[in-house]
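Structural description and commentary
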Amino acid sequence: NLANSTGGVLCSRTEDGRFNIARYWRMPLPSPYIDLRELSQWLQTHGWIIDLREWRSAPDVYRNLQLPEALIAISRAWLIIPLFSGDRLQGILLLRESDLGKEINWEDRDLLKLAGKQAGSHLAQFQADQALVESRQFEAVNRLSAYVIHDLKNIVAQLSLVVSNAQKHKHNPE
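Residues numbered from 1 in each chain as written. Predicted model: local features only at pLDDT ≥ 70, side-chain atom pairs only at ≥ 80, totals over all residues. Heavy atoms only, no water.

**Details of the overall build of the protein chain**
Each helix and strand in the protein chain was counted, giving four helices and five strands. What you see in the protein chain, going N to C, is helices and strands ordered as β-β-α-β-α-α-β-β-α. At 28 Å, the protein chain has a C-alpha radius of gyration far larger than the 16 Å of a compact globule built from 174 residues. Projected onto its principal axes, the C-alpha coordinates of the protein chain cover approximately 100 × 30 × 30 Å. Within the protein chain, buried positions represent 32% of all 174 residues. Considering only contacts in the protein chain between residues 6 or more positions apart, those separated by 24 or more positions represent 58%. (Helix = DSSP H or I, 4+ residues; strand = E, 2+ residues; numbered from the N terminus. Rg over C-alpha atoms; globule rule 2.2 N^0.38 Å. Buried < 20%, exposed > 50% of the residue type's maximum accessible area, 1.4 Å probe, protein only. Contact = heavy atoms within 4.5 Å.)

**Quick notes on the side chain of Ser40**
Turning to its location among the elements, Ser40 is positioned in helix H1 (residues 37–46). Ignoring sequence-local partners within four residues, the contact set of Ser40 consists of Phe19, Leu89 and Ile92.

**Considerations on the pattern of salt bridges**
The full count for this structure, using the stated rule, is six salt bridges. Asp35 is paired through a salt bridge with Arg37; the nearest N and O atoms lie 2.7 Å apart. The partly exposed category is assigned to Asp35, whose relative accessible area is 34%. Here Glu54 ties to Arg109 by a salt bridge, and the two come within 3.1 Å at their closest N and O atoms. With a gap of 55 residues between them, Glu54 in helix H2 (residues 52–57) and Arg109 in helix H4 (residues 106–169) connect regions that are remote in the sequence. The class of Glu54 is partly exposed, set by a relative accessible area of 28%. (Salt bridge = Lys/Arg side-chain N within 4 Å of Asp/Glu carboxyl O.)

**Quick notes on unusual backbone geometry**
Located in the positive-phi region is Asn4, a residue other than glycine, with phi close to 55°. Within the element layout of this structure, Asn4 appears in the segment before strand S1 (8–13). At Arg76, a position not held by glycine, the phi torsion is positive, near 65°. Owing to a relative accessible area of 30%, Arg76 belongs among the partly exposed residues under this scheme.

**Here we look at H1**
For an α-helix the count is 3.6 residues per turn, leaving residues at separations of three or four pointing the same way. When we look at burial in H1, the residues that qualify are Leu39, Ser40, Trp42 and Leu43. End-on view of H1: buried residues confined to an arc of 160°, all on one side of the axis. Relative to its buried face, H1 has exposed residues pointing more than 90 degrees away, namely Arg37, Gln41 and Thr45. Gly47 occupies a position one or two residues after H1 and carries a positive phi of about 70°. (Arc of directions from axis to C-beta.)

**Focus on the nonpolar core**
Formed by 24 residues in total, the largest nonpolar core has its most connected members in Leu39, Ile50, Leu67, Ile80, Ile92 and Leu94. For this core, the elements supplying multiple residues, two or more each, are S1, H1, H2, helix H3 (69–72), strand S4 (77–85) and strand S5 (88–96). Ignoring sequence-local partners within four residues, the contact set of Ile80 consists of Leu39, Leu43, Trp48, Ile49, Ile50, Leu52, Leu67, Leu71, Ile92, Leu93 and Leu94. Core analysis: the second largest hydrophobic core is formed by 12 residues, Ala3, Ile81, Leu93 and Leu95 among them. (Core = buried A, V, L, I, M, F, W, Y, C linked by side-chain atoms within 4.5 Å.)

**With respect to the sheet that holds strand S3 (residues 50–51)**
Taken in spatial order, the five strands make up an open sheet running S2-S1-S5-S4-S3, and their pairing is antiparallel. Two strands lie at the open edges of the sheet, namely strand S2 (19–25) and S3, each paired on one side alone. In the sheet, S1 pairs with S5 via five bridges, with the strands oriented antiparallel. Across the sheet, residue Val9 finds its bridge partner in S5, namely Leu94. (Pairing = 2+ DSSP bridges.)

**Comments concerning H4**
Across its 64 residues, H4 extends 93 Å between first and last C-alpha, which sits within 8% of the 94 Å expected from 1.5 Å per residue. Along H4, the residues classified as buried are Asp108, Arg109, Leu112, Gly116, Gly120, Leu123, Ala124 and Gln127. Packing partners of the buried residues in H4 comprise S1, S3, H2, S4 and S5. At the N-terminal boundary of H4, the capping side chain belongs to Asn105, with an oxygen 3.0 Å from the backbone nitrogen of Glu107. (Expected span 1.5 Å × (residues − 1). Polar contact = N/O pair within 3.5 Å; in protein donor to acceptor, adjacent residues only side chain to side chain.)

Structure follows, in structure tokens:
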């Protein structure tokens, strides 16, 4: 709403430091994976919002930043907003061009940076919650596995006892 954009792509940091597409709204994607290593390093260093219209017309403003072809090929791609949680780049948001054809000024950029920090904190919290849920699921599976293994051991012990008793008492029907 801040940029009057009607769509976007959210890329989030994985545990190994890569960025994968987490969600997208009303934007076509040329490929499910876009190599964002170089862009993420640049955003981590500079923390700037990238206006792709400005980048196309004056790349020297962005210190000759090289963007992935797959990212540039997305139709109506407009703004790249870094999502920080503290000092760590947690996500990258690509917004679709505004239907109003709005140009952004320094106040808009400051507001979008602030919103990016808030969104980055929420994204980090979401990822931490997901990791906690996954950890709890593993813990439940481990407990269930231990229970099943314990029962199997008891059954094996009982069957071994039956077999050994059968050898000793096979001639004694009582």
